[in-house]
Amino acid sequence: MAGAVVALYESGLSCLSFEACPEYHRSAKWSPSFFAAAPSSSSSSSSRPSRRRGPRATAAAPAGRNMAVAVQPMQPVQPVKESVERKVVATKKRRVVVTGMGVVSCLGHEPDAFYENLLRGTSGITEIENFDCKDFPTRIAGEIKDFSPDGWVAPKFCKRMDKFMLYLLTAGKKAVADAGMTRDVIDQLDKTKCGVLIGSAMGGMQVFSDAIEALRVSYRKMNPFCVPFATTNMGSAMLAMDLGWMGPNYSISTACATSNYCMLSAANHIVRGEADVMLAGGSDAAIIPIGLGGFVACRALSQRNNEPSRASRPWDEGRDGFVMGEGAGVIVLEELEHAKRRGAEIYAEFLGGSSTCDAYHMTEPHPEGAGILLCIEKALAQAGVDRQDVNYVNAHATSTRAGDVQEYKAIMRCFGSNSEIKVNSTKSMTGHLLGAAGGVEAIATIQAIRSGWVHPTINIDTPEKDVNMEVIVGANKQKLDVKVALSNSFGFGGHNSSVIFAPYPAKK
């Protein structure tokens, strides 16, 4: 199945050019009249009375030419009397499900392999090899060593694009393939109702950094792609160009909460009927000198260089900061009935979520966890979920002094009375993937629902005194029949976000 999609991408039909996707223009949904010609007499729209008011439309322009916007006022026309009484049509709430997953990470580039490594408690934190960082106080990260975009991204772009975009495109296309969207399936989709909303916290930092170095010599030395390939929106845009998807397309950047914000907004497009399918998630690749140096300057990173695999240690008294990671996590969100009609495998249901702002400090969480608590409570209300039904939380838990404790307190205030509640931290093994964290952790959450196992949180040797290790999943994976799962992501600027997933069909 994946091979068929790869073949489509390798066929050269779209191949990430800056032109419209010819595959889309040849599809059943495409007609020159979409932009230029008037609807044919056989069109279904001609059989029902028009409800337009105001100026009459001008004659159709010849196919292949743009119509000019009329600047001269037209003669007013008499409104046509409606012969059919307008009625309010009752609509059911559109449900959103997950039908595909794509991941690029230091623990694997396929959802199953990635989750198997998490269940084994494997750490992906190693010494940085991509550049010489011997003079940095931090020299470790969740660096990806074995990534290749071959077969997923056109060769002409592989050397020009920033890694964040290569990760995004690869994870996005893998999610499409995982959703069973072969070439034939893609041809049958209404591409005006398929969208892409994949964000990034940092964007193309390497491309931007290279441009600055080139500018020191001369502006003539600058890469002509440096602006588009540095902006956070261009990954989503180019993926849409390649697929021919004309629905909602943009990116959101809310620091380390980016992926969750993207998933929430993407789901809302489906709920409102603006889209049937959305690719959503995040991507970041900031393990470069300027990225590492910037977080070192913030005094945010662990300096446990002699023990890389033990450096990320959420809720442990010996934690000394987070560990940078990189990669991408993308999921396919789809309207339930649309997924059922095409026979898609449904991995989980996306119930909803929420976002809030601490309105307190640029980098520090609110000391009482007020914004986090509000976010979780709003997410439960928006999703229509009782707090007693939530028995698994994939925590943000980055291994910072203040953040871990405040999040834990907020979680316990919401779910502490639930004896079944289990909490873990994916970042203990992957490091912090910044804007991609929520996307990758959503995949871990969905895999917990599918497998019935929640992964361990490694490196908790001496838990904080207020942390209950009966609640935290410690050194070993635990069996858990997940009823409802919540995944948290928080970012610099006080951005809080929570998303909620559940099994489909719902367990009785």
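Being a predicted model, the structure only gives us computed values, none of them experimental. (Residues numbered from 1 in each chain as written. Predicted model: local features only at pLDDT ≥ 70, side-chain atom pairs only at ≥ 80, totals over all residues. Heavy atoms only, no water.)

Caption draft 1: Just the packing of helix α9 (residues 258-271) against helix α15 (residues 437-451), in detail. It is the contact of α9 with α15, at a shortest axis distance of 5 Å, that shows an interaxial angle of 70°. By the angle between their axes, α9 is roughly perpendicular relative to α15. When α9 is examined against α15, the residues Ser259, Asn260 and Met263 are found in contact with a partner set consisting of Ala437, Gly438, Gly439 and Ala442. Counted by class, the contact of α9 with α15 contains 3 nonpolar, 4 polar and no charged residues. (Axes fitted to C-alpha atoms, helices over the stretch in contact; angles between N-to-C directions. Helix = DSSP H or I, 4+ residues; strand = E, 2+ residues; numbered from the N terminus. Parallel < 35°, antiparallel > 145°, perpendicular 65-115°, else oblique. Contact = heavy atoms within 4.5 Å. Nonpolar A, V, L, I, M, F, W, Y, C, P; charged D, E, K, R; others polar.)

Caption draft 2: Expanded view of the packing of aromatic side chains. Scanning all chains against the criterion turns up 8 aromatic pairs. Consider the rings of phenylalanine 157 and phenylalanine 229, whose centres lie 6.1 Å apart with planes at 70°: the pair is edge-to-face. Note that phenylalanine 157 is positioned in helix α4 (residues 155-158) and phenylalanine 229 in the loop between α7 (205-217) and α8 (234-243), a separation of 72 residues in sequence. For the pair shown, phenylalanine 157 and phenylalanine 229 are each scored as buried. Ring centres of phenylalanine 295 and phenylalanine 492 lie 6.4 Å apart, and the angle between their planes is 55°; on these two criteria the pair is classed as tilted. Remark: phenylalanine 492 occurs in the loop between β12 (484-491) and β13 (495-502) and phenylalanine 295 occurs in helix α10 (residues 289-297); sequence separation between them is 197 residues. By way of ring pairs, the aromatic residues Phe157, Phe225 and Phe229 are connected into one cluster. The ring of tryptophan 453 is capped by lysine 477, whose NZ or CZ atom sits 4.5 Å from the centre of that ring. (Phe/Tyr/Trp six-rings, centres within 6.5 Å; stacked < 30°, edge-to-face > 60°. Buried < 20%, exposed > 50% of the residue type's maximum accessible area, 1.4 Å probe, protein only. Lys NZ or Arg CZ within 6 Å of the ring centre and 35° of its normal.)

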